[in-house]
Amino acid sequence: DNGAVIWTDQKAGTIQRLDMRCAPGSLWVPSRTNASDAEVTYGPMNHGGLLSAPCPSSYTGAVKLVCYDGKVSVSSGTCAKQCSAGIYAELNGTNIAHGVLADGDTFTAGCEGGLVGPVMLLCSDGVVVLQSGKCQVPKDCPAGGKPLLEAALIEHGSMLHG
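Keep in mind that what you see is a predicted model, and the values were worked out from it rather than measured. (Residues numbered from 1 in each chain as written. Predicted model: local features only at pLDDT ≥ 70, side-chain atom pairs only at ≥ 80, totals over all residues. Heavy atoms only, no water.)

A few points about the overall build of the protein
When helices and strands are counted, the protein shows zero helices and 14 strands. On C-alpha atoms alone, the protein measures out to a radius of gyration of 30 Å, which is more than a quarter above the 15 Å that the 2.2 N^0.38 rule sets for 162 residues. In the protein, buried positions account for 23% of the 162 residues. Approximately 10400 Å² of the protein is accessible, and the part contributed by carbon and sulfur atoms is 55%. Of note, the protein has its 10 positive side-chain charges centred 9 Å away from the centre of its 14 negative side-chain charges. (Helix = DSSP H or I, 4+ residues; strand = E, 2+ residues; numbered from the N terminus. Rg over C-alpha atoms; globule rule 2.2 N^0.38 Å. Buried < 20%, exposed > 50% of the residue type's maximum accessible area, 1.4 Å probe, protein only. Areas by Shrake-Rupley, 256 points an atom, 1.4 Å probe, with all protein chains shown as cover. Lys, Arg positive; Asp, Glu negative; His and termini not counted. Charge placed at Lys NZ, Arg CZ, Asp CG, Glu CD.)

Dropping the structure here:
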């Protein structure tokens, strides 16, 4: 029988059996950045057996589990938490709405409220962070000139942004 050790206990005069299989159950696995724990469920395994188990639906990834002496542990892999839909408050007061994002996904949005500039958000193990860009007050262009080709200079007065 795979997963069982059988021996004779000479003192007691009996045959002993130790089942080293791992029963079905669940294991709490730290997320990629240890920001949260994911409960991964698994089926029965024999001693020394490996099993690939998917992360729960609110996480991405999978883990490889190993059974050793009746205990299950993570051999490799990670679970990373998805980012729930919500609002990211940008530093200049712009609220940027975003949908559900998988770990590692980015979302690019424009700025509102008269501010300009694209903002790129990143989902990092359940937390939405600013990856690049910022919302800022537009700057008007001063009067001046712009060379056009090599022979002409186009002069202009001051202009509002946009």
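Notes on the sheet that holds strand β7 (residues 71-81)
Taken in spatial order, the three strands make up an open sheet running β5-β6-β7, and their pairing is antiparallel. Edge strands, defined here as strands with exactly one partner in the open sheet, are β5 (50-54) and β7. Between one strand axis and the next, the sheet turns through 15° on average, direction left out of account. Direction of pairing for β5 relative to strand β6 (residues 59-68): antiparallel, over a ladder of five bridges. Across the sheet, the residue bridging to Leu51 is Leu65, located in β6. (Pairing = 2+ DSSP bridges. Axes fitted to C-alpha atoms, helices over the stretch in contact; angles between N-to-C directions.)

Some words on the state of the cysteines
Tallying each qualifying case throughout the model produces four disulfides. Across a sulfur-sulfur distance of 2.1 Å, Cys22 and Cys67 are joined as a disulfide pair. When the S-S torsion is 90°, as for the bridge of Cys22 with Cys67, the disulfide is right-handed. With a gap of 45 residues between them, Cys22 in the loop between β2 (14-19) and β3 (25-30) and Cys67 in strand β6 connect regions that are remote in the sequence. The buried category is assigned to Cys67, whose relative accessible area is 0%. (Disulfide = S-S within 2.5 Å.)

Let's talk about the nonpolar core
Grouped together as the largest cluster of nonpolar side chains are 15 residues, with contacts concentrated most on Val40, Met45, Val63, Leu65, Val72 and Cys79. Residue assignment for this core shows that the elements contributing at least two residues are β3, β4 (37-42), β6 and β7. Setting aside anything within four residues of it in sequence, one finds Val63 in contact with Val29, Val40, Leu51, Ser52, Ala53, Val74, Ser76, Gly77, Thr78 and Cys79. Core analysis: the second largest hydrophobic core is formed by 12 residues, Leu101, Val119, Cys123 and Val128 among them. (Core = buried A, V, L, I, M, F, W, Y, C linked by side-chain atoms within 4.5 Å. Contact = heavy atoms within 4.5 Å.)

Points about the environment of Gly86
As for its position among the elements, Gly86 is in strand β8 (residues 86-89). Here Gly86 falls in the partly exposed class, since its relative accessible area comes to 25%. Ignoring any residue separated from it by four or fewer positions in sequence, one finds Gly86 in contact with Ile96, Ala97 and His98.

Thoughts on a nonpolar patch on the surface
Together, Leu148, Leu149 and Ile154 make up an exposed nonpolar region whose accessible area comes to about 340 Å². Tracing the backbone shows Leu148 in strand β13 (residues 144-148). (Patch = residues over 30% accessible without salt bridge, like charges linked within 9 Å, V, L, I, M, F, W, Y side chains within 5 Å. Salt bridge = Lys/Arg side-chain N within 4 Å of Asp/Glu carboxyl O.)

Examining the pattern of salt bridges
The final tally for this structure, using the stated rule, is one salt bridge. Asp103 serves as the salt-bridge partner of Arg32, at 2.8 Å between the closest nitrogen and oxygen. Of the two residues, Arg32 is situated in the loop between β3 and β4 and Asp103 in the loop between β9 (95-98) and β10 (106-109); the sequence distance between them amounts to 71 residues.

Things to note about the pairing of β7
Two strands pair when backbone bridges link them, and β6 and β7 are joined in this way by 10 bridges, in the antiparallel orientation. Among the inter-strand pairings, Lys64 is bridged to a residue of β7, identified as Ser76. Counting the residues between successive antiparallel strands, the hairpin from β6 to β7 contains two residues, one of them, Asp69, with a positive phi of roughly 50°.

A short note on the pairing of β3
On any regular strand, side chains alternate: one points to one face of the sheet, the next to the other face. Where β3 meets β4, six bridges bridge the pair, whose relative direction is antiparallel. Looking at the pairing, Gly25 lines up with Tyr42 of β4. Counting the residues in the hairpin turn of β3 and β4 gives six residues, including Asn34, whose phi is positive at 60°.

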